[in-house]
Amino acid sequence: MLLLLVNALLAYSPHYDFHLPGIAALHPFDVKKYSRAWGVLLQRFGDELAKYRLQIDAPVSLETLELAHSHEYLASLSHSAAISRVVESSLVKWLPASLLQKGLLIPAKYAVAGTLAAARTAIDDQTIVFNLGGGFHHAFRDHGEGFCFFSDAALAIQLLRAEKRLGSADEVLMIDLDAHRGNGFESYIASDAMVHNFDMYNFQTYPGLHPGDPDRFPFMLPLRAGTETEGYLDILREELPRLFAHVKLPKLAFYNAGTDILKGDKLGGLSVDYNGVKARDHFVLDMLATHKIPTVIMTSGGYSKDSYRLIADLAQHLLETP
Ligand SMILES: [Zn+2]
């Protein structure tokens with residue numbers, strides 16, 4: 001397979017931003033990090049940016065979501081109580097469901113549509129597509145957790161298989177470097193031998209240590225809270241090449257590039273400095289490019305005021321890498 005990793009694209013819609021009155025008081029989350037990142041890129045690239053944009057014009061449909069979620073769960077999301085459980089705020093249940101649909105669910109559905117479009121394009125064009133949203137790795141088939149309503153990556157795999165873009169013998173790789181363990185994504189692939197999961201995560205925060213035997217899950221890599229830059233990068237530089245030596249080359253990779261590993265992030269609990277996060281991203285992208293693997297990148301978690309700048313820096317690196 002000849003692969004030219006040129007023309008990397010950015011999937012984005014201004015509808016990605018969450019918006020709800022008082023949301024900043026409920027959740028330590030820069031709800032505008034997506035549009036802020038896009039704004040930085042517009043400043044840096046000007047009109048040129050349009051050439052690299054994969055436009056996301058519509059939210060994912062309920063019919064498509066049913067490939068990865070139960071009908072009952074999706075129906076429950078028309079009630080404020082069910083939505084409040086996903087965002088883990090009991091105050092949210094007192095807000096009208098219509099407001100929550102508009103401010104939380106519609107943005108999430110646009111971001112899922114971004115991951116799906118990115119996955120199709122990555123496979124069809126044999127390239128890397130960075131969705132400036134998504135990475136909702138705490139969503140399960142029948143419920144959501146940790147601000148994740150829908151499992152975009154698991155849904156993308158189901159959809160690509162249904163569309164025959166992925167065949168039954170095609171392997172898929174998830175590299176999940178968000179600070180939190182991707183418990184929702186794991187639940188989808190527990191009995192799926194074709195999907196490999198590499199997850200470096202803070203085991204001393206939600207959702208905790210992976211329950212499996214470490215010999216059976218050699219790439220579930222728990223980190224102590226407070227792990228610093230050099231320690232973090234040492235483990236990544238040792239373990240990721242070991243993964244590539246261990247698995248058959250995948251047809252598609254997902255990179256969950258959570259920026260909540262940054263020192264000072266309110267929820268991540270790790271202590272990687274700004275340049276360390278950039279070094280992480282560059283190392284992962286170099287590995288994927290060296291192996292010529294079509295890739296979808298997602299932004300996932302990131303709860304500090306600097307998250308949007310890290311997202312913009314990663315996008316810039318991708319567009320400027322020959
Ligand atoms: Zn996270």
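Parameters and conventions
- Residues numbered from 1 in each chain as written.
- Predicted model: local features only at pLDDT ≥ 70, side-chain atom pairs only at ≥ 80, totals over all residues.
- Heavy atoms only, no water.
- Core = buried A, V, L, I, M, F, W, Y, C linked by side-chain atoms within 4.5 Å.
- Buried < 20%, exposed > 50% of the residue type's maximum accessible area, 1.4 Å probe, protein only.
- Helix = DSSP H or I, 4+ residues; strand = E, 2+ residues; numbered from the N terminus.
- Contact = heavy atoms within 4.5 Å.
- Donors = N, O, S within 2.8 Å, 3.2 Å for Na, K, Ca; no water.
- Tetrahedral: all angles 85-135°; square planar, octahedral: opposite > 155°, others 65-115°.
- Polar contact = N/O pair within 3.5 Å; in protein donor to acceptor, adjacent residues only side chain to side chain.
- Axes fitted to C-alpha atoms, helices over the stretch in contact; angles between N-to-C directions.
- Parallel < 35°, antiparallel > 145°, perpendicular 65-115°, else oblique.
- Left-handed = near helix turned anticlockwise from the far one by under 90°.
- Phe/Tyr/Trp six-rings, centres within 6.5 Å; stacked < 30°, edge-to-face > 60°.
- Lys NZ or Arg CZ within 6 Å of the ring centre and 35° of its normal.
- 1 Å grid on protein atoms, 1.4 Å probe; cavity = no way out; pocket = protein on both sides within 12 Å on 5 of 7 lines; lining within 4 Å.
- Points joined across faces, edges and corners; volume = space filled by probe spheres on them.
- Nonpolar A, V, L, I, M, F, W, Y, C, P; charged D, E, K, R; others polar.

**Overview of the nonpolar core**
Consideration 1: Grouped together as the largest cluster of nonpolar side chains are 110 residues, with contacts concentrated most on Phe-149, Phe-198 and Phe-254.
Consideration 2: Sorting elements by how many residues they give to this core places helix α6 (residues 97-125) first, with 14 residues.
Consideration 3: Setting aside residues no more than four positions away along its own chain, Phe-254 makes contact with Thr-115, Ala-153, Ala-156, Ile-157, Val-172, Leu-173, Met-174, Ile-175, Val-296 and Met-298.

**Digging into the coordination of the zinc ion**
Consideration 1: Taken together, the protein ligands of the zinc ion are Asp-178 (OD), Asp-178 (OD), His-180 (ND1) and Asp-260 (OD), with distances of 2.0 to 2.8 Å.
Consideration 2: Each of the four donor atoms around the zinc ion contributes to a set of angles spanning 52 to 155°, which defines the coordination as irregular.
Consideration 3: Here the donor residues of the zinc ion share one chain and are spaced in sequence as D-x1-H-x79-D.
Consideration 4: With a relative accessible area of 1%, Asp-178 lands in the buried category.

**What about the environment of His-180?**
Consideration 1: Mapped onto the elements of the fold, His-180 is located in the loop between β4 (172-176) and α8 (183-189).
Consideration 2: Distance in space between the C-alpha atoms of His-180 and His-137 is 8.9 Å, their sequence separation being 43 residues.
Consideration 3: A polar side-chain atom of His-180 sits 3.0 Å from the main-chain carbonyl oxygen of Leu-267.

**Overview of the packing of helix α2 (residues 33-45) against helix α11 (residues 307-320)**
Consideration 1: Their axes nearest at 8 Å, the elements α2 and α11 cross at an angle of 45°. One finds that α2 runs oblique with respect to α11. You can see that α2 and α11 cross each other, and the crossing is right-handed. Contacts between α2 and α11 involve Lys-33, Arg-36, Ala-37, Val-40, Leu-41, Arg-44 and Phe-45 from the first element and Ser-307, Tyr-308, Ile-311, Ala-312, Asp-313, Ala-315, Gln-316, Leu-319 and Glu-320 from the second.

**Description of the packing of aromatic side chains**
For any pair of aromatic rings, geometry is given as the distance between the ring centres together with the angle between the planes.
Consideration 1: This model, assessed by the stated rule, comprises eight aromatic pairs.
Consideration 2: Ring centres of Phe-45 and Tyr-52 lie 6.5 Å apart, and the angle between their planes is 65°; this geometry places the pair in the edge-to-face category.
Consideration 3: Ring pairing ties together the aromatic residues Tyr-12, Tyr-16, Phe-18, Tyr-34, Trp-38 and Phe-147, which thus form one cluster.
Consideration 4: If you follow Lys-33 out to its NZ or CZ, it ends over the ring of Tyr-303, 6.0 Å from the centre.

**A closer look at the packing of helix α10 (residues 274-290) against α11**
Consideration 1: Closest axis-to-axis distance for the α10/α11 pair is 10 Å, and the angle between their directions is 35°. The element α10 and its partner α11 pack so that their crossing is right-handed. Touching Tyr-274, Val-277, Lys-278, Asp-281, His-282 and Leu-285 of α10 are Arg-309, Leu-310, Asp-313, Leu-314, His-317 and Leu-318, all from α11.

**Topic: empty space enclosed by the protein**
Consideration 1: Counted by the stated rule, this structure contains three cavities of 30 Å³ or more.
Consideration 2: The calculated volume of the largest cavity comes to roughly 130 Å³.
Consideration 3: Along its surface, the largest cavity is lined by 15 residues, and Phe-136, Cys-148, Ser-300, Gly-301 and Tyr-303 are the ones closest to its centre.
Consideration 4: Here the lining of the largest cavity is composed, by residue class, of seven nonpolar, seven polar and one charged.

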